[in-house]
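Residue-level listing of the chains:
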Amino acid sequence: MSLKNILVALAAMGATVVASPAKSKRAAAYDGNPFEGVAMYVNPYYRDEIHDLALPQMTGSLAEKAKQVAEIPSFQWLSARPTTPVPTPYAGLFVIYNFPDRDCSAKASDGELHLDDNGLERYQTEYIDPIAELVKEYDDIRTIFVYEPDGLANLVTNLEDSQPKCQGAAEAYHLSTVYAMETLNFDNVALYVDGGHAGWLGWPGNLNLTAEVFGNAFKEAGKPKSVRGVATNVSNYNAVLQRDRAPAYTDPNPNWDESRFHEALAPFLEEHEFPAHFIVDTGRSGVQPAGRESWGNWCNIKETGFGIRPSSNTPTELLDAFVWVKPGGESDGTSDEEAVRYDTMCSSNSSVIPAPEAGDWFQDYFEMLINNANPLQGLLQKQGQEVC
Ligand code: BGC
């Protein structure tokens, strides 16, 4: 099923998508926090994975819990051009993830578009344009995008000589971002640019440059209204708030969790005129500090669990929502040393192995996430109320 079919199905449900007194073409427009007044969609692709791939291998209370996970809203990744069949009827939350020469500092998620094969133009005309057409056509649906996980973060820290693929891709990532921001600027769209995580762009020395890279693209695109802010911790494992003390591996970063990172980055974003609003991926942050040896480990990290559930009930003005972006149970990368996209990070001591290709179903990992689930991990309080 194509992306169009997904949006047709969403449109059919438009009246329930937005809490609007009357269903109208303008119903999906918003002011302020785009997560308020809308139900986050359950990602049917993920639900199907759980029902078709996971449940046949599970029994008893574990299976019951898996069925509950299948009903938790999460993002759907558009990891290839939308003409590629996407076997799902609808989803309201999407990840744009198809930069030419994608995943330039790692290997596990190299994508379908490459700069030596007209990748920049194809990204624009074969990927972003069709998405924009659909968003325009179905403007009674509010569509929330996470934009290009790790993409711009690679322009902040990975342009040294040891990273030639990132050097080569830098201009294309920037131009792609400007193009996407301009082209997806509709009243019913909210776009959060991926900003890495506390252990990457959260180091004090990276904050200003991050804001500059984001601000430059935003200004060049004409400051589109639909650009809402920054998504952090996507596919990562950090706490939102680590109350007591920092995990040893974060030393000496004073911004050792995502809320500290947001607070530290916000003034720099404001200075560079980029909107300082955040969402944070809590899908796999249920155990802290989880089983990783160093903060740089990112692939299928051991000893963690599902974290805080998606919600726009957050403790701070800066944070629009807790979200589940990486579908828990899909692999970060293969541990097979013979595979073309093998990255050594995926067989590190911090990783669960053996692991399948990035994006493929990883049953052992899914079961671990259920067994260690902790929806209250690092939960902040708002006016004396627990966030649930
Ligand atoms: C993979 C994508 C996948 C996504 C979500 C990425 O690491 O490269 O193919 O859709 O993770 O699991």
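A quick note: this is a predicted structure, and the numbers were derived from the prediction, not measured.

1. Things to note about the UniProt feature "binding site: substrate" (unreviewed entry) in the chain
Right, on to step 1. UniProt records the feature "binding site: substrate" (unreviewed entry) at W77, H197, W200, N236, W298, K326 and E330, using the numbering of this structure.
Right, on to step 2. Mapped onto the elements, H197 comes out in the loop between β4 (189–194) and α8 (204–220).
Right, on to step 3. With near-sequence residues (within four places) excluded, H197 lies in contact with G202, N233, N236, N238, E258, F261 and W295.
Right, on to step 4. W298 has contacts with A106, A108, S235, N236, Y237, D332, D343, M345 and C346, leaving out every residue within four places of it along the chain.

2. Thoughts on the site of the ligand
Right, on to step 1. In the vicinity of the ligand, the residues found are W77, S79, Y97, R102, S109, K326, P327, E330, A358 and G359.
Right, on to step 2. Contact between the ligand and K326: an oxygen atom at 2.8 Å from a side-chain N or O atom of the residue.
Right, on to step 3. The side chain of E330 places a nitrogen or oxygen atom 2.4 Å from an oxygen atom of the ligand.
Right, on to step 4. In isolation the ligand has 310 Å² of accessible area, and contact with the protein removes 87% of it.
Right, on to step 5. Tallied by class, the residues present in the shell around the ligand amount to 4 nonpolar, 3 polar and 3 charged.

3. Observations regarding the packing of helix α7 (residues 164–183) against α8
Right, on to step 1. Where α7 meets α8, the closest approach of the two axes is 8 Å, and the angle between their N-to-C directions is 50°. With respect to their mutual orientation, α7 and α8 come out oblique. Between α7 and α8 lies a crossing of right-handed hand. In this structure, α7 contributes H174, T177, V178, M181 and E182 to the contact, and α8 contributes N216, A217, F218 and E220.

About the thresholds
- Residues numbered from 1 in each chain as written.
- Predicted model: local features only at pLDDT ≥ 70, side-chain atom pairs only at ≥ 80, totals over all residues.
- Heavy atoms only, no water.
- UniProt positions renumbered as here; feature names shortened; annotations may be inferred.
- Helix = DSSP H or I, 4+ residues; strand = E, 2+ residues; numbered from the N terminus.
- Contact = heavy atoms within 4.5 Å.
- Near = heavy atom within 4 Å.
- Polar contact = N/O pair within 3.5 Å; in protein donor to acceptor, adjacent residues only side chain to side chain.
- Areas by Shrake-Rupley, 256 points an atom, 1.4 Å probe, with all protein chains shown as cover.
- Nonpolar A, V, L, I, M, F, W, Y, C, P; charged D, E, K, R; others polar.
- Axes fitted to C-alpha atoms, helices over the stretch in contact; angles between N-to-C directions.
- Parallel < 35°, antiparallel > 145°, perpendicular 65-115°, else oblique.
- Left-handed = near helix turned anticlockwise from the far one by under 90°.

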